Every structure is written in C-alpha cells, then in structure tokens.
Amino acid sequence: MRLRMTIMAALAALAGSVALYPLFSGRTWFWSGLGAVAVVAAAGLATRHFRWPAVFGAVGGLAALHLYLTARFTASEAFLGVVPTPESLRRLGELTREGWDAANRYAAPVPPVPGILLLAVGGIGLVAVLVDLLAVRLRRAAPAGLPLLAMYSVPAAVREDSVSWVAFGVGALGYLALLAADNHEQVGGWGHLVFRSADAPARPDTGVMAAAGRRIGVAAVAVAVLIPAVTPGIHSRGMFGMGSGGGRGGTQTVTTPDPLVSLKRELTRQDDLLVLRYRSNDTDRPDYLRLYSLDRFDGDRWTYSSLQSTARDRLSDRRLPDPPGLSSVPARQVTTRITVQRQVRDMSFLPVPYAPSRVSIEGDWRVHAPSLMIYSLRDSAGGRSYTVTSIRARPTASQLRLAGRTPTELYNRYTFVPERIPREVRRLAHEVTAGAATAYDQAVMLQRWFTQTGGFQYDLTAQPPQRGSDLVDFLINNKRGYCEQFAASMALLARILGIPARVAMGYTPGTQVTPGVWEVRTRDAHAWPELYFEGAGWVRFEPTPSGAAGQGTAATPDYSEPTVSSSSASTQEEESGPTETSPEASASASPSATAQRQDDLGAQAGTGGERSGDGAPVGWIIGVLLALLLLAAPMAARHVTRRLRWAGVTSRSGGAPSDPGEAAHAAWREMRADALDHGLEWRPSDTPRAAARRLGELLELDAPASQALGRIAHAEELARYAPSRPQTPPETLRADVRTVREAIAASVGRRARLRARLLPASTMGSVGSVTRAVGGRLADAASRVEAAFRRLPSRRAR
C-alpha cells in the first residue's frame, strides 16, 4: 500500500497549497482543501490495498474527490448527504459557473463565497490526485513536482506581488521530503545488510551520503529564498520587505496591483466597510479624493506609467510642485484632515483632494511631481492620520472655452491613441460632438451623452474591460457598465478628439455625518476622467450616472453642466464670473511673482532633499546585520561546539571526568572536525592508527606535531579497545589537539584556512546529524503506523 509514501504525497500537496494563501481572505479554503487531500489519500490507499491498476487508482481518487465536494457543497441535494444525484450535479455546475464569474469579478484576496471555494478545493484535490498517482502509484516522485508547481503559478498569474518566501520554503521542503521518502523506500527495497562474521568488511556509512543529500536540498531552498531577497532591485521594499526604498541618488520603480481591479473589488464587496473619515474647511461639497492617475492607454486597459522614485521625492514637510497648467482661473486653498481606518491594508497611495500643495504625514511618503500622486515604497495608510493642504480650482465655463494652447510635450503624451483603435469608435467620437465649437463644448457633449442622451445604464455586474473590443461593446452595443467603463471610454473619446485626457481613481466625497465631517466607505470607490485645459490644469468631469440609478455619491461639477457655447451665454458668463482668487492664483498672474515662487520652491526642494537623505537607511542596516549574522552562524556554532565538547570532559573545578575515555573521544572528534574544516580527507572506515598515519603522511608534520597526533590516536585506541587501562590526562590531549590544529592550518593554503574559519564543514555536518535524527524519528513513526495498519485483519479473514 506504500503508506509512508501516501502520507508524504498528501503532505507535499498540502504544503504546496500554502502558495494559494494570497488569493483568499480567511482560512476556510485551507481547511476545506485539507479535507480534500485526506480523502484523496485514503482513496489511494484503498485502491492499492485491493491492487487495482494505476488507471483505476486515479479514477478512484477522482471519485472520492467528487463525493467529498458533494458532501461539502451540495449535501442538501445529495442522497444521504454524500451520494451524487442529478440535482447535486446540477448544483455543482451552478456553483462552478458562479465561482468562475466571481473570480473574474473580484480581485485577490477574494471572499470565501461557495463558488470560489469549490474551485479552490477542487483544484487542490486534483493536484493531490496527480501527486498520488505519480509519486506513489507510478513511483515517479520527481515529476510530481509539476502539479505542485501549478499551484504556485496561479497567484503569480493574477497578482503583481510574488509568493511569500515562507510559503515558497514550506512548499519546497514538502517536495524535498517527498523525494527523500521515495529514495529511502527505493533503497530499502533491496533489503538490509547482513554481516555474518567478524571477517566481513565494515558496514558502509550511508548516513554520510544521506546527510550530504539533505544539506544540498536545504542549501538549495535557502539560496532560492535568500538570493532574491538580498539582490537589489528585485524587491521594491528591500530585503524581506524592510528596505526604505532607495537612498540618496538611488532610483526605484514603484509597483502596485492593478488599481482598476482593486476598484472592482471595492465596489462589489458584500459589506460596505468604512475606509476613512475626514474633516474639511471647504465651504462647498468637498472634491473627490484621488489615489491614482492613469495616464497610459495601451489599447486594452488604462494604467499609469512607471514611476521612478528617488530620495528627492520625499515629502519632508515641504511645499509640493505646482499643479500643471493651473495659472489663470480662480482657486482657493482647502485644508483636509484625513484618518484612514486601521483595517485598511496595503494602501500605499494616499487619497488626497487634487491638487495637493502640502501633506503632513509620518513615514516615508513621496510625491510624483507630474501627477501629484502621493505614495510610499514601504508604508501603508491604514491607521494613519494626515493633513492635506490643497488648491481647488474654480473655473467657469467661459474660462474653459477660452483655454490657451496646450504645451506640445503634454499634448503629445496625453492625446496618444493606439492605431488599433477601431474605426467605428473614432467615428463615434466625432458624431457625438458634432457642432461643438471648442474642446470644452466637446467635453460637455461627451459627458451629457454618457449620463443623459446615450442610453447608458449603471451596472456593477458588468465584466471589467480586458480588451479593446470590450470598450467597443460598451460604447456601441450593450451600454451597461460601472464607473471604470464610463471613465475609460470618455477619456479615450476625448483623446481621439485631441483633448488631453487621463483616468483618475479614488473615492467620491462620501457622506456628511456632522457639519464639516465626512465618511467614505468602500462603495464610494470611483473612477473618473480628467481633461486638461491650459490655465485651469487638469479638470474633473463626471460621465458616470449618479444617484439611486448610478454611483450614489458621485456629483457632476458645476462648470461641466452649462449648455453648448453660444455668444450670448459666453458674454454673460464672462461678465458674471466669480472673482474669488487665492494667493496662489494671484501670484501666478504676475510673471515676476511666478519666477520668485519657483525659486523658493526649488530652494525648499533642495533643502528637503538634503534632510531626507540624512536619515539612516534603517532597512539596509538591518539587512546587512542579518547577512552578517548568517555568515557568522557557522563560525559561532563551531566555537560553541568546541567549548561544549571540552566542557563535558572536565568540571569547572578541574576534577576528573566520570568516563576516563571521554577525554580521548573528545580529542579525537575535535581533531576530525579540524581536518574536515580544512578540507582534508577523512575516511570513516579507518582505525585511529590508520587515520593518524594517513594524516601524518598528508601533512608532513614536524616532530612535536607528529608526536601529538600519535598521542591522540593512541588515547582513542585505548578508550575504544582497553578502557580499563590508564588514560592520557585531558590537559595533555587538549594541548595536543591545539598543536595538531596549528600544524594542519600551516600545511594548507590561505583559502582553506579562511573557509575553515568562516564556513567549517564540521558544523554543517552537525546540522545534518540533527536533521538526520529528526528525520529518522519521523520515519520510525511512519513505519510503526504502517505496521499497525498491516496487522489489521484482511478482507478475506473478515
């Protein structure tokens, strides 16, 4: 039945499933997967007990898995809660479809809904069936790693972040244990060594080779975990996530999960959780809180360009760069105090009103100057409170109609559209805006088409756009979607018309709970387009339907609601436009003031950069200390082993040892360790006299060292074969060991001496001995379980 291999195959499959932890919230999936693995292992044992062919063994495992899934998910429709029925099969099919739809709708970590749990548990069970078939039935343990590797490929395919090094180590050790068990069983199949007489050769020491194999396996896993962790550039957060994100002059690339996937997850949560609470001194309804600015459209999806971060980008309580293009429209300064809830995880971008001019927050937070996104390479906003001073532009319709010429570089970047955009979409953009006299009028007509005249409906069940054809289908055919489709489509149509556009993502203002205090929940997550008008900068539009039939807390800006331009309307708005201006807007009206302000900002930025660069790189210091500790561990272990070895020979008071031969054994082991540390050959089958003779010939020792070596060998012979005879004093043996060690070190090269000091081979052998002992006990326990199972009465006897 191969009970031991069955247990190891099940443990390997279970260890490999740990890699799936980033995909799920909670632990229900793991315990359900444990049940599936156990059922598959039991089915494999049963089929092998009755000696069924291998193909029937796999079928039996799949049948047992089916029974388990039926009992776990469709017990109410099954006969006796286990036996499948047409109703239970139909329900399993429905749950599979629901799980597939939910997996496409939610972003990791997904909630433990029944459909997703069914897919996860079924996948883990299928991997267990394949591992059991390959490793146990077909006796091919090495290929069994392929289905285990498949479980690692799933989180790697759907998430930006890699699998935790702990999860990788658990899975790798499980696979190594499976290989070791298979090798042990194959070698044991040849039977036991038999020694009939004293003249027979000595029993070979197979433990050395086994220990070498374990050391190689553990070292391979350690290298696979440690090398990527300490290699600069692989992890944006440094070694084991402790890096500070770049030092002075260093550049790092900022990476986050797909913002739009996170948006879908927030909007479709079953529980409307509180995200943050804030207080604002804005006299009007507060503006949206922006997280991301997505400036790049690749033909399928909107993303943001790669952010290159340096220490000069740190906030350092300084004034932030001026918002691009904001120079001639009225604006006022707004102060917002924001508190993010502690349960919010992995929020590495700060939600702030646009355009932030100063942010006060603890931690290593930075600003991306072109977009004014606030982000961190290592910190999360969860549980933090911070204050944002922002400049809120108040443009009028007439000012936007009279916007100046967009700078060439900005225009080329934010009006780029891939050539593969379908012709019907380009034609649609011009048809919808036919008759518009200015870029502003085109933007207003696009917004009105989405919210009023185009026949669109807000629908959270719509699939997020993955390809360019999905946007075409949304614009022309079904016209159903949520804020992502509306924002992405309007920004694309604006670019086709030659209006610089990008997609912003964050939160709507939320709901006012007391005067001046607002709460933002997960259902307030939102995406919207921002269009550029020279003089006003980036201006928000709202194409998503709002209210009860749309995004509940979204609001259309006042400046985007007037009718399409007419000469009378333009004249009236110019005459009655507001005159409120902020100090920033007034300063921008004067060229000399603008130049002076830019000089002041440059001086502040330079000072802030110097201050931020003076901070100690705590993460790198900790990483270097850990690396030094790892390097020093073998040397420290060798030193401790030597002291403990001699400490057991004599008491602190200098008394005689309880075992007269213990000093000789300690000296012999210490000399053997010194020889191994310096790379010298040591044959376990040699007698003490033969080992000493070989060592003396190899080293060409002088007279004192040769005599010391002879005394150690003679003492070991007496301790082994004549323990009743007088033994050599421990002090003499200890001095002899020191003499031989110095002679060995003088006889080898500098590299060998350095290796003996830093990476002593004898220490690694000690670790292997501990591993061998633990592994032996586990193997003995499995053997006892197998023997007990075999003692059960057979089927014929029953």
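Cut-offs used in this document
- Residues numbered from 1 in each chain as written.
- Predicted model: local features only at pLDDT ≥ 70, side-chain atom pairs only at ≥ 80, totals over all residues.
- Heavy atoms only, no water.
- Helix = DSSP H or I, 4+ residues; strand = E, 2+ residues; numbered from the N terminus.
- Buried < 20%, exposed > 50% of the residue type's maximum accessible area, 1.4 Å probe, protein only.
- Areas by Shrake-Rupley, 256 points an atom, 1.4 Å probe, with all protein chains shown as cover.
- Axes fitted to C-alpha atoms, helices over the stretch in contact; angles between N-to-C directions.
- Left-handed = near helix turned anticlockwise from the far one by under 90°.
- Contact = heavy atoms within 4.5 Å.
- Nonpolar A, V, L, I, M, F, W, Y, C, P; charged D, E, K, R; others polar.
- Pairing = 2+ DSSP bridges.
- Phe/Tyr/Trp six-rings, centres within 6.5 Å; stacked < 30°, edge-to-face > 60°.
- Lys NZ or Arg CZ within 6 Å of the ring centre and 35° of its normal.
- Salt bridge = Lys/Arg side-chain N within 4 Å of Asp/Glu carboxyl O.
- Patch = residues over 30% accessible without salt bridge, like charges linked within 9 Å, V, L, I, M, F, W, Y side chains within 5 Å.
- Expected span 1.5 Å × (residues − 1).
- Polar contact = N/O pair within 3.5 Å; in protein donor to acceptor, adjacent residues only side chain to side chain.
- Arc of directions from axis to C-beta.
- pLDDT = per-residue confidence, 0-100.

1. A look at the overall build of the chain
Right, on to step 1. For the chain, the count of helices and strands is 25 helices and 19 strands.
Right, on to step 2. Here the chain holds 798 residues, and 46% of them are scored as buried.
Right, on to step 3. Only carbon and sulfur atoms are counted for the fraction: they give 57% of the accessible area of the chain, which is about 40200 Å².

2. Some words on the packing of helix H2 (residues 28-49) against helix H3 (residues 54-73)
Right, on to step 1. At a minimum axis distance of 8 Å, the contact between H2 and H3 shows a crossing angle of 145 degrees. In this structure, H2 meets H3 at a crossing whose hand is right-handed. Contacts between H2 and H3 pair Thr 28, Trp 31, Ser 32, Gly 35, Ala 36, Val 39, Val 40, Ala 43 and Thr 47 from the former with Phe 56, Gly 57, Gly 60, Gly 61, Ala 64, Leu 65, Tyr 68 and Arg 72 from the latter.
Right, on to step 2. Considered class by class, the residues forming the contact of H2 with H3 number nine nonpolar, seven polar and one charged.

3. Observations regarding the pairing of strand S2 (residues 274-280)
On a regular strand, one side chain projects to one face of the sheet and the next to the other, so that they alternate.
Right, on to step 1. Most of S2 is tucked away: five of the seven residues are buried.
Right, on to step 2. Pairing analysis gives five bridges linking S2 to strand S17 (residues 517-521), with the strands arranged antiparallel. Residue pairing across strands places Tyr 278 opposite Trp 518, the latter belonging to S17.

4. Brief notes about the pairing of S17
Right, on to step 1. In terms of residue burial, S17 counts as a mostly covered element, since four of its five residues are buried.
Right, on to step 2. Taken together, the three bridges between strand S16 (residues 511-514) and S17 define a ladder with antiparallel strand orientation. Paired with Thr 511 across the two strands is Glu 519, which belongs to S17.

5. Notes on the environment of Ala 647
Right, on to step 1. Tracing the backbone through its elements, the reader meets Ala 647 in helix H19 (residues 618-647).
Right, on to step 2. Between the C-alpha atoms of Ala 647 and Ala 666, which are 19 residues apart in sequence, the distance is 9.8 Å.

6. Structural notes on the packing of aromatic side chains
Right, on to step 1. For the coordinates displayed, the defined rule picks out 22 aromatic pairs.
Right, on to step 2. Ring geometry for Tyr 278 and Trp 518: centres 6.5 Å apart, planes at 10 degrees, overall stacked. Of this pair, Tyr 278 sits in strand S2 while Trp 518 sits in strand S17; the two residues are 240 residues apart in sequence, bridging distant segments of the chain. When sorted by exposure, Tyr 278 lands in the same class as Trp 518, which is buried.
Right, on to step 3. Aromatic ring contacts, followed pair by pair, group Trp 449, Phe 450, Phe 456, Phe 474 and Phe 486 into a single cluster.
Right, on to step 4. We note Arg 72 situated over the ring of Phe 73; from NZ or CZ to the ring centre the distance is 4.8 Å.
Right, on to step 5. Note that Arg 540 overlies the ring of Tyr 288, its terminal NZ or CZ placed 3.8 Å from the centroid.

7. What about the sheet that holds strand S18 (residues 525-533)?
Right, on to step 1. Strand order in the open sheet made by the five strands is S8-S3-S15-S18-S19, with antiparallel pairing throughout. Since the sheet does not close on itself, it has two edges, and those belong to strand S8 (352-353) and strand S19 (537-540), each with one partner.
Right, on to step 2. In terms of strand pairing, strand S3 (residues 289-294) meets S8 through two bridges, oriented antiparallel. Looking at the pairing, Arg 290 lines up with Val 352 of S8.
Right, on to step 3. Across the face of the sheet, helix H15 (residues 483-496) comes into contact with strand S15 (501-507) and S18 while running at roughly 15 degrees to S18.

8. Side note on the pattern of salt bridges
Right, on to step 1. With the rule as written, the count across this model stands at 34 salt bridges.
Right, on to step 2. Residue Arg 540 pairs with Asp 287 through a salt bridge whose shortest N-O separation is 3.3 Å. Note that Arg 540 is positioned in strand S19 and Asp 287 in the loop between S2 and S3, a separation of 253 residues in sequence. One exposure class covers both Arg 540 and Asp 287, and it is buried.
Right, on to step 3. We note a salt bridge from Arg 689 to Glu 717, for which the minimum N-O separation is 3.0 Å.

9. So, unusual backbone geometry
Apart from glycine, the bulk of residues carry a negative phi angle, and the bulk of peptide bonds sit in the trans form.
Right, on to step 1. Looking along the chain, the bond that leaves Tyr 354 and enters Ala 355 is cis, with omega of 0 degrees.
Right, on to step 2. Its location among the elements puts Ala 355 in the loop between S8 and strand S9 (356-360).
Right, on to step 3. Residue Leu 372 is not a glycine yet carries a positive backbone phi of 60 degrees.
Right, on to step 4. Looking at where Leu 372 falls in the secondary structure, it is placed in the loop between strand S10 (365-368) and strand S11 (373-376).

10. So, the sheet that holds S16
Right, on to step 1. The strand order across the open sheet formed by six strands is S9-S12-S7-S2-S17-S16, and the pairing between neighbours is antiparallel. Pairing within the sheet leaves two strands with one partner each, and these edge strands are S9 and S16. Taking each pair of neighbouring strands and ignoring which way they run, the sheet shows an average axis angle of 30 degrees.
Right, on to step 2. Pairing between S2 and strand S7 (residues 331-340): five bridges, direction antiparallel. Across the sheet, residue Tyr 278 finds its bridge partner in S7, namely Ile 338.

11. Let's talk about a nonpolar patch on the surface
Right, on to step 1. A cluster of nonpolar side chains, contributed by Phe 50, Trp 52, Val 55, Phe 56 and Val 59, occupies part of the molecular surface with about 500 Å² of accessible area.
Right, on to step 2. Among the structural elements, Val 55 can be located in helix H3.

12. Concerning the side chain of Thr 415
Right, on to step 1. Within the element layout of this structure, Thr 415 appears in the loop between helix H11 (408-414) and helix H12 (423-432).
Right, on to step 2. Leaving out residues up to four positions away in the same chain, Thr 415 has contacts with Arg 495, Gly 498, Ile 499 and Pro 500.

13. Re the environment of Ala 437
Right, on to step 1. With respect to the helices, strands and loops of the structure, Ala 437 is situated in the loop between H12 and helix H13 (439-453).
Right, on to step 2. In sequence terms Ala 437 and Arg 401 are 36 residues apart; their C-alpha atoms lie 8.8 Å from each other.

14. Digging into helix H5 (residues 114-137)
Right, on to step 1. Its 24 residues place the ends of H5 32 Å apart at the C-alpha level, agreeing with the 34 Å of an ideal helix rising 1.5 Å per residue.
Right, on to step 2. With 17 of 24 residues buried, H5 is to be regarded as a mostly interior element.
Right, on to step 3. Looking one or two residues beyond H5, the residue adopting positive phi is Arg 139, at roughly 60 degrees.

15. Things to note about the environment of Asp 379
Right, on to step 1. Looking at the secondary structure, you find Asp 379 in the loop between S11 and strand S12 (385-393).
Right, on to step 2. Each C-alpha atom of the pair Asp 379 and Glu 362 lies 9.6 Å from the other, and the pair is 17 residues apart in sequence.
Right, on to step 3. If we ignore the near neighbours within four places in the chain, the residues touching Asp 379 are Met 347, Ser 348, Gly 363, Asp 364, Trp 365 and Arg 384.
Right, on to step 4. One polar contact links the side chain of Asp 379 to the main-chain amide nitrogen of Asp 364, over a distance of 2.8 Å.

16. Here's the deal with H12
Right, on to step 1. Among all positions of H12, only Val 425, Leu 428, Ala 429 and Val 432 are buried. Mapping the buried residues of H12 onto a view down its axis gives an arc of 100 degrees, with all of them on the same face. Opposite the packed face of H12, turned more than 90 degrees from it, sit the exposed residues Arg 423 and Glu 431.

17. Here's the deal with the confidence of the model for the chain
Should pLDDT be low for a region, the predicted coordinates there are not to be read in detail.
Right, on to step 1. Per-residue confidence for the chain averages 77 on the pLDDT scale, and 73% of its residues sit at or above 70.
Right, on to step 2. Within the model, the stretch residues 564-616 combines pLDDT values under 50 with 57 contacts to residues more than four positions away or in other chains.
Right, on to step 3. Confidence drops under pLDDT 50 across residues 794-798; counting only partners more than four residues distant or on other chains, this segment forms two contacts.

18. Quick word on the packing of helix H1 (residues 3-17) against H5
Right, on to step 1. Running from N to C, H1 and H5 cross one another at 140 degrees; their axes reach a closest spacing of 9 Å. With respect to the hand of their crossing, H1 and H5 are arranged in right-handed fashion. Taken together, the residues of H5 that come into contact with H1 (itself represented by Met 5, Thr 6, Ala 9, Ala 13 and Ser 17) are Ile 124, Ala 128, Val 131, Asp 132, Ala 135 and Val 136.
Right, on to step 2. A class-by-class count of the residues in the contact of H1 with H5 yields eight nonpolar, two polar and one charged.

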